[in-house]
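So the chains spell out like this:
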Amino acid sequence: IDNFEKILLVSDFFKKYMAPRWRWPQEKVIAKGFPRFDWLLTKTDEAKAFYRSFQKSQLDKILIWMPTFRNHISGAYNDNDDIKQFPIIYTPQEWKLIDDYCNKHNVVILVKLHPMQKNYDIPWQELSNVHLLTNEMLDYYDTNLYSFLSVTDGLISDYSSVTVDYMIVDK
């Protein structure tokens, strides 16, 4: 650590505790936050346009479901029997029930899997209000995931770190 002029941390909270731990002067530690938080706090026109592309009516609410990464496409990580299934919903019939509920209540759920996540056996083509959200779709609208998160109406997740990030938008 002696070779550095400054150290960047995410917050003043961490600066207060980490500078002494590293035996580093607090005035040489700079709290800058995460760039993704800037995206979360900026509702871009591109993100809004992408949001509108999923609305069927003005009443639709768009929720994003981001389950924790579970099952690597190579089988190298998290590849045991307990976590091979999508969390909570296990059968095509259960997906259809969720879809019917969403349709009845003017809700759209976009499921965003981790980029290295294996795709599950989910009948996407049979669902009208539950869709798979891909990076290619975000690219098409020239937006990124965190900019899009800023305009969604809610987040569904489990113990993914995105739940902590999403608290910034106060939804």
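Given the structure is predicted, the values throughout are model-derived calculations rather than measurements. (Residues numbered from 1 in each chain as written. Predicted model: local features only at pLDDT ≥ 70, side-chain atom pairs only at ≥ 80, totals over all residues. Heavy atoms only, no water.)

As a further point, take the sheet that holds strand β3 (residues 61–65). The sheet built from four strands is open, its strands ordered β5-β4-β3-β6 with parallel pairing. On the outer flanks of this sheet lie β5 (130–133) and β6 (154–156), each paired with one strand and no other. In this sheet, adjacent strand axes meet at a mean angle of 30° when their direction is disregarded. With four bridges connecting them, strand β4 (residues 107–112) and β5 associate as parallel partners. Residue pairing across strands places L110 opposite H131, the latter belonging to β5. Sheet strands touched by helix α4 (residues 92–104): β3, β4 and β5. Its angle to β4, the strand with the most contacts, is close to 140°. (Pairing = 2+ DSSP bridges. Helix = DSSP H or I, 4+ residues; strand = E, 2+ residues; numbered from the N terminus. Axes fitted to C-alpha atoms, helices over the stretch in contact; angles between N-to-C directions. Contact = heavy atoms within 4.5 Å.)

This part is about a positive patch on the surface. Together, K43, K48, R52 and K171 make up a region of like positive charge exposed at the surface. Topologically, R52 is positioned in helix α3 (residues 45–52). (Patch = residues over 30% accessible without salt bridge, like charges linked within 9 Å, V, L, I, M, F, W, Y side chains within 5 Å. Areas by Shrake-Rupley, 256 points an atom, 1.4 Å probe, with all protein chains shown as cover. Salt bridge = Lys/Arg side-chain N within 4 Å of Asp/Glu carboxyl O. Lys, Arg positive; Asp, Glu negative; His and termini not counted. Charge placed at Lys NZ, Arg CZ, Asp CG, Glu CD.)

On the secondary structure map, P67 appears in the loop between β3 and α4. Between the alpha carbons of P67 and I156 there is a distance of 7.6 Å; along the sequence they are 89 residues apart. Beyond its immediate chain neighbours, meaning those up to four positions away, P67 contacts F86, P87, K112, L113, S157 and D158.

Examined against the element boundaries, N129 turns out to sit in the loop between β4 and β5. For N129, the side chain forms a polar contact with the side chain of K56, separated by 2.6 Å. A distance of 2.9 Å separates a polar atom in the side chain of N129 from the backbone oxygen of V107. Each residue touching N129, except ones within four places of it in the same chain, is listed here: K56, D99, C102, N103, V107, V108 and I109. (Polar contact = N/O pair within 3.5 Å; in protein donor to acceptor, adjacent residues only side chain to side chain.)

The grouping of D45, E46, E136, D139 and D142 at the surface amounts to a negative patch. Elements with a minimum of two residues in the negative patch: α3 and α5 (135–140). Within the element layout of this structure, E46 appears in helix α3.

Ranked by internal contacts, the top residues of the largest apolar core, which has 20 residues, are I62, I64, L110, L133, L145, F148 and L149. Of all the secondary-structure elements, those providing two or more residues to this core are α3, β3, β4, α6 (145–149) and α7 (162–166). Element by element, the count of residues in this core is highest for α6, at four residues. Among all residues touching L133, those that are not within four sequence positions of it are F50, I64, L110, V111, K112, L138, L145 and F148. Of all hydrophobic cores here, the second largest spans 14 residues; its members include W65, V107, L113 and W124. (Core = buried A, V, L, I, M, F, W, Y, C linked by side-chain atoms within 4.5 Å. Buried < 20%, exposed > 50% of the residue type's maximum accessible area, 1.4 Å probe, protein only.)

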